[in-house]
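Residue-level listing of the chains:
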Amino acid sequence: MVLSFDVMVALVTAMSVATSLLTQLVKSIFDACKKRYASNVIVMVVSVIVGGAGTALYYVNYQIPFNALTSVYLAIMCLLNCAGAMVGYDKVKQGITQIRDIRMPGGSER
């Protein structure tokens, strides 16, 4: 048994949520230390770590051997996690802010 589509979607979803939360934690630490950072670089680093570790833990838990095919799947999971996390928390936060800033009908701006 390798990764079925259902398992892959569940893993990507869980790892993207974890990546988004960890990214916000790292960003808040950098903000507290007044360090400059690039959000996308932080997301990429955290997503590769979380995606690789999460997939490797899945392999170990279900006794899936590490070979060429599963290594490719592990790399794909890292990329999918990165893509899922990049459209995660920041985009949701941006959307909420934009919705909040929309004036009610009859206002001067929209």
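This is a predicted model, so every value here is computed, not measured. (Residues numbered from 1 in each chain as written. Predicted model: local features only at pLDDT ≥ 70, side-chain atom pairs only at ≥ 80, totals over all residues. Heavy atoms only, no water.)

A. Structural context of the packing of helix H1 (residues 5–32) against helix H2 (residues 39–61). It is the contact of H1 with H2, at a shortest axis distance of 8 Å, that shows an interaxial angle of 140°. Comparing the axis directions of H1 and H2 gives the class oblique. Here H1 and H2 pass one another in a crossing that is right-handed. Touching Val7, Leu11, Met15, Ala18, Thr19, Leu22, Thr23, Val26, Lys27 and Phe30 of H1 are Ser39, Ile42, Val43, Val46, Ser47, Val50, Gly51, Gly54, Thr55 and Tyr58, all from H2. Looking at the contact of H1 with H2, its residues break down into twelve nonpolar, seven polar and one charged. (Axes fitted to C-alpha atoms, helices over the stretch in contact; angles between N-to-C directions. Helix = DSSP H or I, 4+ residues; strand = E, 2+ residues; numbered from the N terminus. Parallel < 35°, antiparallel > 145°, perpendicular 65-115°, else oblique. Left-handed = near helix turned anticlockwise from the far one by under 90°. Contact = heavy atoms within 4.5 Å. Nonpolar A, V, L, I, M, F, W, Y, C, P; charged D, E, K, R; others polar.)

B. Structural view of unusual backbone geometry. Backbone geometry places Lys34, a non-glycine residue, at a positive phi of 55°. Positionally, Lys34 belongs in the loop between H1 and H2. Even without glycine at this site, Gln63 takes up a positive phi of about 55°. Residue classification places Gln63 among the exposed positions, given a relative accessible area of 72%. (Buried < 20%, exposed > 50% of the residue type's maximum accessible area, 1.4 Å probe, protein only.)

C. Quick look at the packing of aromatic side chains. All chains considered together, the criterion is met by three aromatic pairs. Centroid distance Phe30 to Tyr37: 5.8 Å. Interplanar angle 45°. Geometry classified as tilted. Taking relative accessible area as the criterion, Phe30 reaches 31% and is therefore assigned partly exposed. Between the aromatic rings of Tyr59 and Phe66, the centroid separation amounts to 5.4 Å while the plane-to-plane angle is 70°, which identifies the pairing as edge-to-face. For Phe66, a relative accessible area of 49% corresponds to the partly exposed category. (Phe/Tyr/Trp six-rings, centres within 6.5 Å; stacked < 30°, edge-to-face > 60°.)

D. Structural detail: the confidence of the model for the protein chain. Residue-level pLDDT values for the protein chain average 84, and 85% of them are 70 or greater. At the level of individual helices and strands, the protein chain shows its lowest average pLDDT in helix H4 (residues 89–101), which scores 71, and its highest in H2, which scores 92. (pLDDT = per-residue confidence, 0-100.)

E. Broad picture of the packing of H2 against helix H3 (residues 68–86). Where H2 meets H3, the axes come as close as 8 Å, and the angle between the chain directions of the two elements is 140°. By the criterion of interaxial angle, the relationship of H2 to H3 is oblique. Remark: the crossing between H2 and H3 carries right-handed chirality. Packed against H2, whose contacting residues are Asn40, Val43, Met44, Ser47, Val48, Val50, Gly51, Gly52, Thr55, Ala56 and Tyr59, the element H3 presents Thr70, Tyr73, Leu74, Met77, Cys78, Asn81, Cys82, Ala85 and Met86 at the interface. Broken down by class, the residue content of the contact of H2 with H3 amounts to 13 nonpolar, seven polar and no charged.

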